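# Residue-level structure breakdown
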Amino acid sequence: MNAVTTYNRYILTAIGGSKDQKNQIVVFPDAFVSSIIVVDRSSIMAVPFYDRAIAGLLHHQGSIIPIVILRRVFGELSAMLSETFSVVHLSAVAGGLEGVGVVVDQVLSSIPAGQYKAAPDHITVEALVAKLPLQLWQPQRWHSYS
């Protein structure tokens, strides 16, 4: 039996917006969002040997949150973190991404579900999950042993 999930609100965020590309809108249903955190870059602990999309780990309210830079996931490998940045902390509803924090460049708005009109260029959580590389959570080797 398939349950139809309804959401009360959608959180609209943006990534990108450099001079070479326009903003990409990333949409999170309210149930997927545990919190939105403003983070200071100095509070991120680097994790060597992991995919470049992982910025590091954040200790927040007694939890360790892996931080993923969405701009890097979507191909902007040179994306850097500013001194402070916004992180969307995903809830248990996000399944395999529960507890992960995703870096967004801007939190645009929170709108009621009845007012949200999906656009073809909006990135959904499902598209985000599909875009994450399989090796994201696996340490990478420093040297090749051949």
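For the structure itself, look to the data block above.
Criteria and cut-off values
- Numbering of residues starts from 1 in each chain and follows the order in which that chain's sequence is written.
- Per-residue local features of the predicted model are confined to residues with pLDDT of at least 70, and side-chain atom pairs are confined, for both listing and counting, to 80 or more; whole-chain, interface and lining totals are unaffected and use all residues.
- Processing note: side-chain calculations cover all non-hydrogen atoms of the structure and skip hydrogens and water entirely.
- We call two strands paired when DSSP finds no fewer than two bridges between them.
- Numbered from the N terminus, helices here are DSSP runs of H or I no shorter than four residues, and strands are runs of E no shorter than two.
- Only the stretch in contact is used when fitting a helix axis, every axis being a line fitted to C-alpha atoms; angles between N-to-C directions are given from 0 to 180 degrees.
- The pairing test for Phe, Tyr and Trp rings, Trp by its six-membered ring, is centres within 6.5 Å, and the orientation test on the planes gives stacked under 30 degrees, edge-to-face over 60, and tilted for anything in between.
- Think of it in three bands: residues with accessible area under 20% of the maximum for their type are buried, residues over 50% are exposed, and the middle band is partly exposed, with areas taken using a 1.4 Å probe on protein chains only.
- In what follows, salt bridge is the name for a side-chain nitrogen of Lys or Arg lying within 4 Å of a carboxyl oxygen of Asp or Glu.

Read across the open sheet, the three strands follow the order β2-β1-β9; overall the sheet is antiparallel. The sheet is open, and its two borders are formed by β2 (23-29) and β9 (106-112), each paired with just one other strand. Across the sheet, the mean angle from the axis of one strand to that of its neighbour is 25 degrees, orientation sign disregarded.

A few words now on the packing of aromatic side chains. One pass over the full model with this rule turns up three aromatic pairs. Between Tyr7 and Tyr10 the ring centres are 6.0 Å apart and the planes differ by 75 degrees, which places this aromatic pair in the edge-to-face class. You'll find Tyr7 and Tyr10 in the same group, each marked buried. Through successive ring pairs, a cluster of aromatic residues spans Tyr7, Tyr10, Phe32 and Tyr116.

This part covers the pattern of salt bridges. One pass over the full model with this rule turns up three salt bridges. One salt bridge connects Glu83 with Arg41, and the closest N-O pair in it is separated by 2.3 Å. Remark: Arg41 occurs in the loop between β3 (33-40) and β4 (44-45) and Glu83 occurs in the loop between α1 (70-73) and β7 (84-90); sequence separation between them is 42 residues. Take Arg41: its relative accessible area is 36%, and that puts it in the partly exposed class. The salt bridge partner of Arg71 is Glu76, with a shortest N-O separation of 2.4 Å. Each of the salt bridges in this network shares a partner with another, and the network as a whole consists of Arg71, Glu76 and Asp105.

What the six strands build is an open sheet, ordered β3-β7-β8-β6-β5-β4; its pairing is mixed. With one partner strand each, in any of the chains shown, β3 and β4 form the two edges of the open sheet. As judged from the four bridges shared by β7 and strand β8 (residues 101-104), these two strands associate in the antiparallel manner. Bridge pairing links His89 to Gly101 in β8.

Attention now goes to the pairing of β2. Two faces belong to every sheet, and in a regular strand the side chains alternate between them. Burial of β2 is extensive: five of the seven residues sit out of reach of the surface. Where strand β1 (residues 9-16) lies against β2, seven bridges are found, and the strand directions are antiparallel. Its bridge partner being in β2, Gly16 is matched across the sheet by Asn23.

As a further point, take the pairing of β1. Counting buried positions along β1 yields seven of eight residues, so the element is predominantly enclosed. Looking at chain direction, β1 and β9 are connected through six bridges and run antiparallel. Residue pairing across strands places Arg9 opposite Pro112, the latter belonging to β9.

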